[in-house]
Amino acid sequence: MDKKVYSTDGKELRTITLDDKVFGLPINEDVIYYAINNELANKRVGTACTKDRSEVHGSNAKPYNQKGTGNARRGDKKSPITVGGGTIFGPKPRDFSYAIPKKAKRLAMKSILSLQAQSDRLTVVEDFTVESGKTKDLVKILNNFAKDERTVLILKDDDAKIKQAARNIKNLSFLSYNRLRAHDLFYGRKIIVLEGAVKNLSDFYAKEEEAK
């Protein structure tokens, strides 16, 4: 698959060939679903906690006699049927995280990259950095490709200057080529990939598979 490479000004520079093993695969919707669900589950804090009747503060004594009052037969005030009583089968702190196979996660990333490339949401831009580290300088570049859209910027390395400039930009996620997130990639309306990151993605996802 061929894609045009754009300058930071939005002008066409040249054409680059994307590796079909990463950007030209059939879309596997099932594995994308599993990868996104896995990421969302791993982000859950799991701190919700309720008290059962053994943990509620109160007396263990019966509120009135068993017989002779005309009321129902009942136990202490901590009963779940009483206002302020314990909760039946309420949530307790737990760990929601789990792991999926590495091959499934890698296939999900390649499927999403292929989906975005084939739907023309993916744009390749020449390598650049933001020497000033200022948000306004990065916004000026991004406005040539996306405006008020959920945007993902894939970096060729851990560029501290770009990350510093990108922290305060609304609807922008910045990812390194070797630490992609399925949720961000899938729901991104515009995927901007640095030219150097295209090669790194091919090396990381395609050539490593061949080595195995």
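Residues numbered from 1 in each chain as written. Predicted model: local features only at pLDDT ≥ 70, side-chain atom pairs only at ≥ 80, totals over all residues. Heavy atoms only, no water.

Give me the lowdown on the packing of aromatic side chains, citing residues and values where you can.
Enumeration according to the criterion identifies 5 aromatic pairs in this entry. Here Tyr-6 and Phe-145 contribute two aromatic rings whose centre-to-centre distance is 6.3 Å and whose plane-to-plane angle is 70°, an arrangement assigned as edge-to-face. One end of the pair, Tyr-6, is in strand S1 (residues 2-6); the other, Phe-145, is in the loop between helix H4 (135-142) and strand S4 (151-155), and 139 residues separate them in sequence. Residue classification places Tyr-6 among the partly exposed residues on the basis of a relative accessible area of 23%. A relative accessible area of 13% means that Phe-145 is categorised as buried. With 4.9 Å between their ring centres and 90° between their planes, Phe-204 and Tyr-205 make a pair best called edge-to-face. Overall, the relative accessible area of 23% leaves Phe-204 in the partly exposed class. Three or more aromatic residues joined by ring pairs form one cluster here, namely Tyr-177, Phe-204 and Tyr-205. Over the face of the ring belonging to Phe-96 we find Arg-44, whose NZ or CZ atom lies 3.6 Å from the ring centre. (Phe/Tyr/Trp six-rings, centres within 6.5 Å; stacked < 30°, edge-to-face > 60°. Helix = DSSP H or I, 4+ residues; strand = E, 2+ residues; numbered from the N terminus. Buried < 20%, exposed > 50% of the residue type's maximum accessible area, 1.4 Å probe, protein only. Lys NZ or Arg CZ within 6 Å of the ring centre and 35° of its normal.)

Please set out the sheet that holds strand S3 (residues 122-125) residue by residue, giving values where relevant.
The pairing of strands in a sheet happens through backbone hydrogen bonds and is either parallel or antiparallel. Across the sheet, which stays open at both edges, the 6 strands sit in the order S2-S1-S3-S6-S4-S5 with mixed pairing between neighbours. Strands with a single pairing partner mark the edges of an open sheet, and in this sheet they are strand S2 (12-17) and strand S5 (172-176). Strand-to-strand twist of the sheet, defined as the mean angle between neighbouring strand axes without regard to direction, takes the value 30°. Pairing between S4 and S5: 5 bridges, direction parallel. When the bridges of S5 are listed, Ile-154 appears paired with Leu-175. Where helix H3 (residues 102-118) meets the sheet, it contacts S1, S3, S4 and strand S6 (190-194), and its direction lies at approximately 90° from that of S3. (Pairing = 2+ DSSP bridges. Axes fitted to C-alpha atoms, helices over the stretch in contact; angles between N-to-C directions. Contact = heavy atoms within 4.5 Å.)

Now, about the pairing of S5: what can you tell me, with residues and values included?
Consecutive side chains of a regular strand alternate in pointing toward one face of the sheet and then the other. For S5, a buried count of 4 out of 5 residues is recorded, marking the element as mostly surrounded by other parts of the structure. Between the parallel elements S4 and S5, the chain passes through helix H5 (residues 160-166) in a crossover that is right-handed. (Right-handed = clockwise from strand over helix to strand, strands pointing away.)

Describe the pattern of salt bridges, and please don't skip the residues or the numbers.
Applying the stated criterion across every chain, the model contains 10 salt bridges. With a shortest N-O distance of 2.7 Å, Glu-195 and Arg-14 are connected by a salt bridge. You can see Glu-195 sitting in helix H7 (residues 195-211) and its partner Arg-14 sitting in strand S2, a full 181 residues away along the chain. Glu-195 gets classed as buried once you look at its relative accessible area, which sits at 18%. With relative accessibility at 41%, the residue Arg-14 sits in the partly exposed group. (Salt bridge = Lys/Arg side-chain N within 4 Å of Asp/Glu carboxyl O.)

Kindly report on the nonpolar core, identifying the contributing residues and their values.
A general feature of soluble globular proteins is that nonpolar side chains tend to end up buried together. Residues Phe-23, Leu-138, Ile-154, Leu-180, Leu-185 and Leu-201 are the most contacted members of the largest nonpolar core, which totals 46 residues. Excluding residues within four positions of it along the chain, Leu-201 makes contact with Val-22, Phe-23, Leu-113, Ile-154, Tyr-177, Leu-180, Val-193 and Ala-206. (Core = buried A, V, L, I, M, F, W, Y, C linked by side-chain atoms within 4.5 Å.)

Hey, could you go over the environment of Leu-25 for me, with residue numbers and the actual values?
Mapped onto the elements of the fold, Leu-25 is located in the loop between helix H1 (20-23) and helix H2 (29-43). Excluding its chain neighbours within four sequence positions, the residues that come into contact with Leu-25 are Asp-20, Lys-110, Ser-114 and Gln-118.

How would you explain H3 if you had to name every residue and give the values?
Helical geometry: 3.6 residues make up each α-helical turn, so side chains three or four residues apart lie on a common side. Between the first and last C-alpha of H3 there are 24 Å, a value that for 17 residues agrees with the 24 Å anticipated at 1.5 Å per step. Of the residues trailing H3, Asp-120 is marked for its positive phi of about 60°. (Expected span 1.5 Å × (residues − 1).)

Tell me what's going on with the layout of surface pockets, and back it up with residues and numbers.
As a volume, the largest pocket reaches approximately 180 Å³. For the lining of the largest pocket, a count of residues per class yields 5 nonpolar, 3 polar and 4 charged. (1 Å grid on protein atoms, 1.4 Å probe; cavity = no way out; pocket = protein on both sides within 12 Å on 5 of 7 lines; lining within 4 Å. Points joined across faces, edges and corners; volume = space filled by probe spheres on them. Nonpolar A, V, L, I, M, F, W, Y, C, P; charged D, E, K, R; others polar.)

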